[in-house]
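What follows is the residue order along each chain.
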Amino acid sequence: LLSQIAAGATANPDMIMSKHFDMEYYNSLSDSLKQRLLACTKSGAENHDSGVGVYAMQPSDYDDLKPYFDKVIRDYHKIPGEVNHITNWDLNTVADRLPAGGKLDLTELGLGVTSMRVRVGRNLAAYPLPGAMTKQDRLDMEADMVKVFKELIEDPAYGGNYYSLTPGSPYEVSEKFYQYLVKSHIMFKDMAADCYLASAGIASDWPYGRGCYVSADKQFIVWVGEEDHLRIMCMKKGTVLNEVFDRLKNACDVMEKISGKFAHSKDYGYVTSCPTNLGTGMRASVHIKIPKLTAGGSDKK
């Protein structure tokens, strides 16, 4: 892989993985840490068009290989100073920057009912990250999550169903139903077709250990076995942003209490496979209508 990393640096100088790969640091590592670092860089080494090109394989990689990962993280996230991420869901701590009462009401911006969505990536601390999981790890992790989903299904606040892609699972769905879930934007696509995830080992053993939980109202979804162990999503059509964030926070707390601790770094926050998602592991969005945006053609300014 070392020659491929060097070739990648020449072919794509902007790839973050190879830009910060330092042979002096590499040679200073023990043999086991060398292998761990190479495993993290494999995707970028084999795919020179990668933008980032590096995935953590173990929850502790960000700390055990910190001299390398710290440069990667600072570069991507544009961090100039100290790194000490704190995930804080308490709006009271930023009350001075919020409307009275902390209510984030989109009608105050002139918007009506809006599609709101927020998701987080989470990984169970008890398992390797997806790139280093064995087939048995994937099956065991899914089994652990099924225990969580059983409790959610019995809870009137959630209800719903779990749909598994694992052959022979009692929750296994047909290929036709899986394609329906994909087209409905409920389930993720076939990961084996993604060369970046395949090189990283994240797509290995497809479709074993993969599935998704869907609440009765279809406004709470959990992907199992994608780029991270879990992608936890809440969505709703409404006007108050707090409602989707609060439901997501409560659901994450419930799931972690049952499943066991989520992987976390003292400096970087919640651990994710890709360093681009570290910290909160969160992405949030709203879909709004912008009248006449492309009335003169999509390229017209």
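Up top is the structure.
Conventions we followed
- Residues numbered from 1 in each chain as written.
- Predicted model: local features only at pLDDT ≥ 70, side-chain atom pairs only at ≥ 80, totals over all residues.
- Heavy atoms only, no water.
- Pairing = 2+ DSSP bridges.
- Helix = DSSP H or I, 4+ residues; strand = E, 2+ residues; numbered from the N terminus.
- Axes fitted to C-alpha atoms, helices over the stretch in contact; angles between N-to-C directions.
- Contact = heavy atoms within 4.5 Å.
- Buried < 20%, exposed > 50% of the residue type's maximum accessible area, 1.4 Å probe, protein only.

### Topic: the sheet that holds strand β3 (residues 211–214)
Next up, step 1: The strand order across the open sheet formed by six strands is β2-β3-β4-β5-β1-β8, and the pairing between neighbours is antiparallel. Of all strands in the sheet, those bounded by a partner on one side alone are β2 (161–164) and β8 (282–287). Each strand of the sheet is rotated relative to its neighbour by a mean of 15°, with strand direction disregarded.
Next up, step 2: Looking at chain direction, strand β1 (residues 114–122) and strand β5 (residues 230–238) are connected through nine bridges and run antiparallel. Bridging across to β5, Arg117 finds its partner in Met235.
Next up, step 3: Relative to β5, helix α10 (residues 241–259) is tilted by about 150°, and along the sheet it contacts β1, β4 (220–224), β5 and β8.

### Focus: the pairing of β4
Next up, step 1: When you tally the buried positions in β4, you get five out of five residues, the bulk of the element.
Next up, step 2: Side-chain alternation along β4 places Phe220, Val222 and Val224 on one buried face and Ile221 and Trp223 on a second face that is also buried.
Next up, step 3: The sheet contact formed by β3 and β4 spans four bridges and is antiparallel. Bridged to Tyr213 within β4 is Val222.
Next up, step 4: In sequence, β3 turns back onto β4 through a hairpin of five residues, with Lys218 there showing a positive phi of about 60°.
Next up, step 5: Here β4 runs beside β5; their pairing, made up of five bridges, is antiparallel.

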